[in-house]
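Residue-level listing of the chains:
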Amino acid sequence: NATKLREAMARLSRKDMKPQGVGAGSDLGMRQDGCALVIAKRYSDMMIGIPLMKIKHPIDGYLVPSEVCSEFADLARKHGAAAVAADGQYVETYREHLSAVQLGLLDAPTGREGKVGMFTAARQVFHDDRVCLGDMDEDEREDLVDQLSRITTKKLPGGGEEIIVPRRVVRN
């Protein structure tokens, strides 16, 4: 819902509260889609602040896994995460760099059911007006809202649904 996304863009997280939890999630595409890290902070009033979304785009065809993993590990640590959730791409390289800054690696949900579960949960917190994107860099915030607004779902024969995330449009 575009209205809910726009409202979340203006909402700031609670500066008068210490977060109850800090989570980090990443996707290490490295080649075609690049890589992304998102930090989320959960507060006692059930609000979720998103202070950072870092995206690395491939230059000249690819990213260097060790450099991306090191940078993302440092950012997650700086924001207070204890671990980072990621899929199996470059898992050993990531584990090495996370371990170097005393962070764990969590398995992100995979497959169609994992993807649907994650997007359903995200859609619900936006619907409930619990997401605060106002702390993000303005360009990152605009990019995230643009990406989220392009996601669609498709009903599958026999039940269930598929989440359709269009290929990213890279902006310089």
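Described below are features of the structure shown in this document. (Residues numbered from 1 in each chain as written. Predicted model: local features only at pLDDT ≥ 70, side-chain atom pairs only at ≥ 80, totals over all residues. Heavy atoms only, no water.)

### Focus on the environment of A76
In plain terms, the rule: Secondary structure elements are taken from DSSP: a helix is a run of H or I of four residues or more, a strand is a run of E of two residues or more, and numbering for both begins at the N terminus. Accessibility here uses a 1.4 Å probe with only protein chains present; expressed as a share of the type maximum, an area under 20% marks a residue as buried, one over 50% as exposed, and anything in between as partly exposed. We call two residues contacting when some pair of their heavy atoms lies within 4.5 Å.
Considering the arrangement of structural elements, one finds A76 in helix α2 (residues 65-78). Taking the relative accessible area as the measure of exposure, A76 reaches 0% and is therefore buried. For the pair A76 and G61, spaced 15 residues apart in the sequence, the C-alpha separation amounts to 26 Å. If near-sequence neighbours (up to four positions away) are discounted, A76 is found in contact with A24, L37, I39, A81, V84 and L103.

### Considering the side chain of S26
Test applied: The definition of a polar contact used here is a pair of N or O atoms within 3.5 Å, where within protein one atom must be able to donate a hydrogen and the other to accept one, and adjacent residues in sequence count solely through side-chain atom pairs.
When you line up the elements, S26 lands in strand β1 (residues 21-28). According to the relative accessible area criterion, S26 is buried, its value standing at 11%. Within the local environment of S26, its side chain forms a polar contact with the side chain of Y94, the two groups lying 2.9 Å apart. Beyond its immediate stretch of four places on either side in the chain, S26 contacts A36, L37, F72, V84, A85, A86, D87 and Y94.

### Some words on the packing of α2 against helix α3 (residues 91-100)
The cut-off we apply is this: Convention adopted: a line fitted to C-alpha atoms gives each axis, helices being fitted over their contacting stretch, and angles between N-to-C directions are expressed from 0 to 180 degrees. Here is the rule for angles: anything less than 35 degrees is roughly parallel, anything more than 145 is roughly antiparallel, 65 through 115 is roughly perpendicular, and the remaining ranges are oblique. Handedness of a crossing follows from how the near helix is turned relative to the far one, being left-handed for an anticlockwise turn of less than a right angle and right-handed for a clockwise one. Under the scheme applied here, ten amino acids are nonpolar (Ala, Val, Leu, Ile, Met, Phe, Trp, Tyr, Cys and Pro), four are charged (Asp, Glu, Lys and Arg), and all others, including Gly, are polar.
Direction vectors running N to C along α2 and α3 enclose 40°, while the axes themselves pass 9 Å from each other. Taken together, α2 and α3 sit at an angle that is classed as oblique. α3 is crossed by α2, and the crossing has right-handed handedness. Contact with α2, carried on its side by P65, S66, C69, S70, F72 and A73, involves T93, Y94, H97 and L98 of α3 and no other residues of that element. The residue inventory of the contact of α2 with α3, partitioned by class, reads six nonpolar, four polar and no charged.

### Concerning the pattern of salt bridges
Spelled out, the test is: Just to be clear on terms, a salt bridge is a Lys or Arg side-chain nitrogen sitting within 4 Å of an Asp or Glu carboxyl oxygen.
A full pass over the atoms with the stated rule returns 13 salt bridges. In this structure, R6 and E142 form a salt bridge, with 3.7 Å as the shortest nitrogen-oxygen distance. Pair noted here: R6 is in helix α1 (residues 2-10) and E142 is in helix α5 (residues 138-149), with a separation of 136 residues, a long-range link. On the basis of relative accessibility, which here comes to 47%, the residue R6 falls in the partly exposed class. For E142, a relative accessible area of 35% puts it in the partly exposed group. Where R14 meets D16, a salt bridge forms, and the shortest distance between an N and an O atom there is 2.8 Å. Relative accessible area serves as the criterion here: at 59%, D16 is assigned to the exposed category. Residues joined in a network through salt bridges with shared partners are K4, R11 and D129.

### Re the pairing of strand β5 (residues 104-107)
For clarity, the cut-off: At least two DSSP bridges between two strands are needed for those strands to be called paired. By convention, a crossover is right-handed whenever its connection, traced from the first strand over the helix to the second and viewed with the strands pointing away, goes clockwise.
One ladder, built from four bridges, connects strand β4 (residues 83-86) with β5; its direction is parallel. By the bridge assignment for β5, V84 is matched with L105. Running through α3, the crossover from β4 to the neighbouring parallel element β5 is right-handed.

### Brief notes about the side chain of E140
Rules: Counted charges follow a simple rule, with Lys and Arg positive, Asp and Glu negative, and His plus the chain ends left uncounted.
Within the element layout of this structure, E140 appears in helix α5. K54 is the oppositely charged side chain nearest to the buried, salt-bridge-free E140, at an N-O distance of 5.8 Å. Setting aside its immediate chain neighbours within four residues, E140 contacts L52, M53 and K54.

### Details of the layout of surface pockets
Any empty space left between atoms is shown by rolling a water-sized probe over those atoms. Rules: Cavities and pockets are defined on a 1 Å grid built over the protein atoms alone: a cavity is a set of grid points where a 1.4 Å probe fits but cannot escape, while a pocket is an open set with protein on both sides within 12 Å along at least five of seven lines, and lining residues are those with an atom within 4 Å of any such point. Grid points are joined across faces, edges and corners, and a volume is the space filled by probe spheres set on the points.
Roughly 1800 Å³ of internal volume is contained in the largest pocket. Around the largest pocket sit 50 residues that line it, and D27, V38, M118, F119 and L148 are the ones nearest its centre. Every element with two or more residues in the lining of the largest pocket is listed here: β1, β2 (35-42), β3 (48-56), β4, β5, α4 (111-127) and α5. Of all the elements, α4 adds the most residues to the lining of the largest pocket, at nine residues. Here the lining of the largest pocket is composed, by residue class, of 30 nonpolar, nine polar and eleven charged. Here the second largest pocket defines a volume of roughly 370 Å³. As for the second largest pocket, its lining consists of 14 residues, and the residues nearest its centre are N1, F119, R123, L148 and I151. Residue assignment for the lining of the second largest pocket shows that the elements contributing at least two residues are α1, α4, α5 and β7 (152-155). Ranked by residue count, the leading element in the lining of the second largest pocket is α4, at five residues. Partitioned by chemical class, the residues of the lining of the second largest pocket number seven nonpolar, five polar and two charged.

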